Amino acid sequence: MGRYFVTTAIPYVNGKPHVGHALELVETDAFARYLRARGDEVRCQTGTDDNALKNVQGAEAEGITPTEYVERVAARFISLREPLGLAFDDFIKTSSDPRHRPGVEKLWAACAERGDFYRKSYAGLYCVGCELFYSPDELVDGRCPEHGTVPDLVEESNWFFRLSRYQDQLHELISSDRLRIEPATRKREVLSFIEAGLEDFSASRSMSRARGWGIPVPGDPDQVIYVWFDALGNYITAPGYGNDDASFQHWWNDSDARVHVIGKGIIRFHAVYWPAMLLSAGVRLPDTIFVHEYLTADGMKISKSAGNAEDPADIVAAFNTDALRWWMLRDVARSGDTDYTTERLITRANEDLANNIGNLVNRTVSMVKRYRDGVIPPVAADNAGAAALRAAREQAPATIDAAFTAFDFRRAAEAVTAIGNEGNRYVEAARPWDLAKAERKEGASPAALDAVLAELVATCRDLAAHLTPFLPDAAPRIAAQCGDGGPRVADPAPVFPRLEAAAPA
């Protein structure tokens, strides 16, 4: 049994969550559930990034304090736990969690002791949405490549972190996969960024420009710790850095792997800035950074400003948790953005869940109930007619394991649907209704039908086990239909409803 510490990124709380936020939460939750299902010890963490200028601006626009604003919006992210079927172990709010500030101050002090901060006056083009300075050649037609906005020209004196000092070390760590970045295209992107030359970055902001919001720089109360330096620290402050040495040792230092799941827009911070900060502070690095792509709507990034940001809770209310989780894990590509549409969600849920897996479970349970009064026959040692079905079931665990290890959720889900496909083909080929008829009218041996029914129940039980990381609500329903490992099936009931093409309310 291994020990894993798995985190999402923490989003800014400058607006309500949308379906794009839900993707990262669902992927991370599925990965953590997969690890737990195979017997690993797992801590899965998420939270909100509160100490950002854009949150201050959001509060000012509504005429409330930043504290009131971030608490209200963070509650919306916390409330996604139920509709998305999430099972996170920890949720950290960086502005109010008592664990956070002591850890950030300790991280700053460790980097300062290493001599990695210096004061410098600086003028540059600053995107508030990214909380990042851009050089002119990084802009697209003079606009932020992430948000499409024109950056502000900002000039001030800040504390800078000596990122350039760690250029060669970072390149070696990433190129050797000691710090693994998945997929490989993102690894190459990070290496190219490093090879172009790393420049030191501003690690603080003036207290006046931050409107007094944030953690003051130790020893310099006129400056606040820059939002990214502050926010990245959540990955170590929540498990105990600076506040609980035993917990930090257990979950960070002694874990077999520390895994970050992030979106492609923040790869520079997580794959370059963050490991450099940890190297400076003498803290162990993460092992793996999985970078997911974006969900889009009509080819455009989903965002509040674009007006195409559907609330995941609304989608679940209109359809259900299983449908949304399954679409995200079964349809979203590992590389390249994926367009979200209601039609695609409905089609995938009906094809895979209602027509394939749900149909197989319902047929199986109904036939065991009808032909054997609910009693499950023993599995036959030899069943030549089930060779293809048994092969799909036997191959699935290794395929699913390899897919999850590579963060290829689509391939893992396909291995599950392959079992359902073979199961339904097996039913059509074996024709258990004809075997039952032969028993009744011709006095045929019950062995043939017993073998078919037992094979189908075993298949449905395998499906329940494999679906646990993907559909934590549906998997127990399937297991219960198949008797929860006992000798009898339950009364048949539809596991997955067929969805109708109606837009979310």
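The structure presented is a predicted model; accordingly, all values stated were derived computationally and were not measured. (Residues numbered from 1 in each chain as written. Predicted model: local features only at pLDDT ≥ 70, side-chain atom pairs only at ≥ 80, totals over all residues. Heavy atoms only, no water.)

Examining the packing of aromatic side chains
Here's step 1: With the rule as written, the count across this model stands at 25 aromatic pairs.
Here's step 2: Between the aromatic rings of F201 and Y273, the centroid separation amounts to 4.1 Å while the plane-to-plane angle is 10°, which identifies the pairing as stacked. Of this pair, F201 sits in strand β8 (residues 201-202) while Y273 sits in helix α11 (residues 267-281), and the two are 72 residues apart along the sequence.
Here's step 3: Clustering of aromatic rings is evident, with ring pairs tying together W108, F117, F161, Y166, F201, W228, F229, F269 and Y273.
Here's step 4: Of note, K120 hangs over the ring of F160, and the distance from its end group to the ring centre comes to 4.8 Å.
Here's step 5: Just above the ring of Y371 sits the side chain of R370; from NZ or CZ to the centre is 5.4 Å. (Phe/Tyr/Trp six-rings, centres within 6.5 Å; stacked < 30°, edge-to-face > 60°. Helix = DSSP H or I, 4+ residues; strand = E, 2+ residues; numbered from the N terminus. Lys NZ or Arg CZ within 6 Å of the ring centre and 35° of its normal.)

Brief notes about the nonpolar core
Here's step 1: The biggest cluster of nonpolar side chains holds 84 residues, and the ones touching the most others in it are F31, L84, M328, L345, F404 and F470.
Here's step 2: Ignoring anything within four residues of it in the chain, the contact list for M328 reads V19, A22, L23, V26 and L295.
Here's step 3: By size, the runner-up hydrophobic cluster in this structure holds 73 residues, among which are W108, L173, I174 and I181. (Core = buried A, V, L, I, M, F, W, Y, C linked by side-chain atoms within 4.5 Å. Buried < 20%, exposed > 50% of the residue type's maximum accessible area, 1.4 Å probe, protein only. Contact = heavy atoms within 4.5 Å.)

A closer look at the sheet that holds strand β10 (residues 216-217)
Here's step 1: Pairing is antiparallel across the open sheet formed by three strands, whose spatial order is β9-β11-β10. Every other strand in the sheet has two partners, leaving β9 (204-206) and β10 as the edge strands with one partner each.
Here's step 2: Judged from the three bridges that link them, β9 and strand β11 (residues 220-225) form a sheet pairing that is antiparallel. Following the sheet pairing, R205 is matched in β11 by V224. (Pairing = 2+ DSSP bridges.)

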